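A look at the structure
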Amino acid sequence: MTSFEVKQLRLTQQQLIRAKSLAGIDPTDPAVSPPAGSVLANPDELSHNNTYGRLPRFYVDRVVVCRNCGTEEVWPAERQKWWYEVAKGNINTQAVQCRSCRAAERQRKDDARASAGNNSSAIRQSDET
Ligand SMILES: [Zn+2]
């Protein structure tokens, strides 16, 4: 492991500890003031959520436990804002996989698409042999 990787790992662990300390904060509670490091929500960009529940007023880093490999990872406030406000994700959805599992899944889909395109020629080849 290089010293860069050690530094990255330490940083990740600090982010996890910090995110865990913020876990009790309810961003939809009007009485709660946004903690340091939080990202303010834009209510206009959240209006696609057809909900009678309260929408978040800000985002804080959240801990996500990957459903694939069980890795604990921080879902950063900025990424949440992007997901809910730019990608228009439903407010009841959240990250369920770590970054490496998401990347692996993307790769698998790409591979499947590529092999689907080559299927007909692959069958033809095997017929000839
Ligand atoms: Zn994972």
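Okay, so let's go over this structure.

Looking now at helix α2 (residues 77-86). Among all positions of α2, only Ala77, Gln80, Lys81 and Tyr84 are buried. Here the buried residues of α2 occupy an arc of 100 degrees about the axis, which is enough to place them on one side. More than 90 degrees from the buried face of α2, the exposed residues found are Glu78 and Val86. Against the buried residues of α2 lie β1 (39-40), β2 (58-59), β3 (62-65) and β4 (72-75). Just downstream of α2, Lys88 is the residue with a positive phi angle, here 60 degrees.

The sheet contact formed by β3 and β4 spans four bridges and is antiparallel. Note on β4: the bridge partner recorded for Val63 is Val74. The turn joining β3 and β4, which pair antiparallel and follow one another in sequence, is formed by six residues; a positive phi near 80 degrees is taken by Gly70.

Along the polypeptide, Trp75 turns up in strand β4. For the pair Trp75 and Val60, spaced 15 residues apart in the sequence, the C-alpha separation amounts to 8.7 Å. When near neighbours in sequence (up to four residues on either side) are disregarded, Trp75 contacts Asp61, Arg62, Val64, Gln80 and Ala95.

Take helix α1 (residues 3-21) next. Given a rise of 1.5 Å per residue, 19 residues ought to cover 27 Å, and the 27 Å separating the end C-alpha atoms of α1 matches this to within 8%. Counted residue by residue, α1 has one buried out of 19 residues, so it is predominantly exposed.

Right, let's talk about the nonpolar core for a bit. Membership of the largest hydrophobic core is limited to five residues, which are Val39, Ala41, Tyr59, Val60 and Ala77. With residues up to four places along the chain from it excluded, the contact list for Val39 reads Phe58, Tyr59, Ala77, Glu78 and Lys81.

What follows deals with unusual backbone geometry. The backbone of Lys88 shows a phi angle near 60 degrees, a positive value even though the residue is not glycine. Take Lys88: it is sitting in the loop between α2 and α3 (99-128). In this structure Lys88 comes out as exposed when scored by C-beta crowding, with 12 C-beta atoms within 10 Å.

Take the environment of Gln8 next. Structurally, Gln8 can be placed in helix α1. For Gln8, a count of 12 C-beta atoms within 10 Å gives the class exposed. Taking the C-alpha atoms as reference, Gln8 lies 21 Å from Ser38; in sequence the two are 30 residues apart.

The rules we used
Along each chain, residue indices are assigned from 1 in the same order as the chain's sequence is written. Side-chain atom pairs in this predicted model are given and counted only at pLDDT of 80 or more, local residue features only at pLDDT of at least 70, and totals for whole chains, interfaces and linings cover all residues. For every residue, the other C-beta atoms within 10 Å of its own C-beta are counted; 20 or more classify it as buried, 12 or fewer as exposed, and values in between as partly exposed. C-beta atoms are placed from the backbone. Only runs of H or I of at least four residues qualify as helices and only runs of E of at least two qualify as strands under DSSP, and these elements are numbered from the N terminus. What the arc measures is the spread of directions leading from the helix axis to the C-beta atoms. Throughout, a pair of residues is in contact if the C-beta atoms placed from their backbones lie within 7 Å. When DSSP finds two or more bridges between a pair of strands, those strands are recorded as paired. Residue count minus one, scaled by 1.5 Å, sets the expected span of a helix. Buried Ala, Val, Leu, Ile, Met, Phe, Trp, Tyr and Cys residues form a nonpolar core when they are connected through C-beta atoms within 7 Å.

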